[in-house]
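Secondary and tertiary structure notes
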Amino acid sequence: MHCEKKILNESTGAYVLRYTFEKSEEMQNVTKRPTVVICPGGGYVFCSAREADPVAFQYMAAGYNTFIVEYSTKEHAVFPNSLLDLCAAMKWIRENAEEFGVIEDQIAVLGFSAGGHLAASLGVYWNDPEIMERSGCKNGENKPNALILVYPVISTSWMENGGELARIIGGNDWESTYKKLNLHTAVTKDTPQTFLCHTLRDCAVPAKDSVKFATALMDAGVPCELHIFPNGGHGMSLATQQVCVNGGDKSFAKWVALSVDWLNRLFSDPEEANAPLEMAEYSSKF
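For the structure given in this document, a descriptive report is provided here. (Residues numbered from 1 in each chain as written. Predicted model: local features only at pLDDT ≥ 70, side-chain atom pairs only at ≥ 80, totals over all residues. Heavy atoms only, no water.)

With respect to the side chain of S210
- As for its placement among the helices and strands, S210 is situated in helix α8 (residues 208-219).
- Overall, the relative accessible area of 0% leaves S210 in the buried class.
- Side chain to side chain, S210 and H198 meet in a polar contact 2.7 Å long.
- Setting aside residues no more than four positions away along its own chain, S210 makes contact with P152, L196, C197, H198 and L226. (Helix = DSSP H or I, 4+ residues; strand = E, 2+ residues; numbered from the N terminus. Buried < 20%, exposed > 50% of the residue type's maximum accessible area, 1.4 Å probe, protein only. Polar contact = N/O pair within 3.5 Å; in protein donor to acceptor, adjacent residues only side chain to side chain. Contact = heavy atoms within 4.5 Å.)

Encoded structure:
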């Protein structure tokens, strides 16, 4: 396994950690692999270790290259600084796809909680003119081919209680930035297909946030898969005893296998998977 740390922003300390497979003479039929880019949660204050390496190794066990983005946090998390970090990571990965053994059009971005907000931000703003200009990304260099959002922050509801909103908006125009941070309002047909999972009893980020994003995807004709589990709180990561402070939850732990299955299907037949979503027309006469 190759392990490498790449600094993304010297002033904020943001970096990306690469875990990619060694090329082997015994596996000559596998020279490139699909990839998962992981954005840990932490309220844009820190990047949770519980949602970093342990998660990466689960996807590596399923045959995926993995990258962990430790993006700008605390006072450096003024929008869109963290998003620019993620764009820089995506650009670096694609520029070195041959060396890293990465299939360029099979890169999924996975985010937890605030990291889910960051991943979803890339999903809706990867082709935003301002983001493209400020990140130096062009021709879809920063485009995610899929999103996996685990108890993601989608709206600003969680930010309005403890002062987080003011910190993230910073010196930006309040009204326009507030609107941008509510990601379900920015979903378009260009947003990638998305896997979402949440717990009904999440008291930090409501499950309705995932429902909002899934609804917006369906309205835009973008396929998605949504799982809302009945038990478990916020920040459960893999929901195992090793990483979950409350002992985990066997039901919620299934999200990993479900997401791998979803990714395998998505990346094994891209033409069918990327076909426009045809929604049924419902009659009000029941």
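Don't stop here, the text continues.
Overview of a nonpolar patch on the surface
- A contiguous nonpolar surface patch, about 310 Å² in accessible area, is contributed by L200, V211, L226 and I228.
- Examined against the element boundaries, L226 turns out to sit in strand β8 (residues 224-229).
- Taking the relative accessible area as the measure of exposure, L226 reaches 34% and is therefore partly exposed. (Patch = residues over 30% accessible without salt bridge, like charges linked within 9 Å, V, L, I, M, F, W, Y side chains within 5 Å. Areas by Shrake-Rupley, 256 points an atom, 1.4 Å probe, with all protein chains shown as cover. Salt bridge = Lys/Arg side-chain N within 4 Å of Asp/Glu carboxyl O.)

Describing unusual backbone geometry
- Going from F79 to P80, the amide bond is cis rather than trans, its omega being 5 degrees.
- Positionally, P80 belongs in the loop between β4 (65-70) and α2 (81-95).
- In this model, S237 sits at a positive phi of 55 degrees, which is unusual for a non-glycine residue.
- In this fold, S237 is placed in the loop between β8 and α9 (255-268).

Some details on the environment of C47
- In this structure, C47 sits in the loop between β3 (33-39) and α1 (53-61).
- The buried category is assigned to C47, whose relative accessible area is 14%.
- When the C-alpha positions of C47 and T73 are compared, they lie 7.8 Å apart, and in sequence the two are 26 residues distant.

Describing the pairing of β4
- The buried count for β4 comes to 6 of 6 residues, which makes it a mostly enclosed element.
- Judged by which residues are buried, β4 turns out to be covered on both faces: N65, F67 and V69 on one side and T66, I68 and E70 on the other are all buried.
- Of the strand pairs in this sheet, strand β2 (residues 14-20) and β4 are connected by 5 bridges, and their pairing is antiparallel. The partner of R18 across the bridge, within β4, is F67.
- Handedness of the crossover joining β3 and β4 through α1: right-handed. (Pairing = 2+ DSSP bridges. Right-handed = clockwise from strand over helix to strand, strands pointing away.)

Examining the sheet that holds strand β1 (residues 2-9)
- With mixed pairing, the 8 strands of this open sheet are ordered in space as β1-β2-β4-β3-β5-β6-β7-β8. If you trace the sheet from one side to the other, it starts and ends with β1 and β8, each paired once. Geometrically, the sheet is characterised by an average inter-axis angle of 15 degrees between neighbouring strands, direction not taken into account.
- Against the sheet, α2 engages β1, β2, β3, β4 and β5 (102-112), with an angle of about 155 degrees to β5.
- Sheet strands touched by α8: β6 (146-150), β7 (194-199) and β8. Its angle to β7, the strand with the most contacts, is close to 155 degrees. (Axes fitted to C-alpha atoms, helices over the stretch in contact; angles between N-to-C directions.)

Regarding the nonpolar core
- Core analysis: the largest hydrophobic core is formed by 55 residues, its most contacted members being V37, L86, V109 and F213.
- It is α2 that provides the largest number of residues to this core, a total of 8 residues.
- Once you skip the residues sitting within four places of it in the chain, F213 turns out to touch A120, V124, L147, L149, I154, L183, H184, V187, T191, T194 and L196.
- F112, V243, F252 and F267 belong to the second largest nonpolar core, which has 34 residues in total. (Core = buried A, V, L, I, M, F, W, Y, C linked by side-chain atoms within 4.5 Å.)

Here's the deal with the pairing of β1
- Bridge count between β1 and β2: 7 bridges; the pairing is antiparallel. By the bridge assignment, H2 is partnered in β2 with T20.
- Taken together, β1 and the strand that follows it, β2, pair antiparallel across an intervening segment of 4 residues, in which G13 is found at a positive phi of about 80 degrees.

Quick look at the side chain of E51
- Position of E51 among the secondary structure elements: in the loop between β3 and α1.
- R50 provides the closest opposite charge to the buried, salt-bridge-free E51, at an N-O distance of 4.6 Å.
- Polar side-chain contacts of E51 include one of 2.7 Å to the backbone nitrogen of G41.
- Only 2.5 Å separates the side chain of E51 from the side chain of Y151, close enough to count as a polar contact.
- Once you skip the residues sitting within four places of it in the chain, E51 turns out to touch I38, P40, G41, F112, Y151, G235 and S237. (Lys, Arg positive; Asp, Glu negative; His and termini not counted.)

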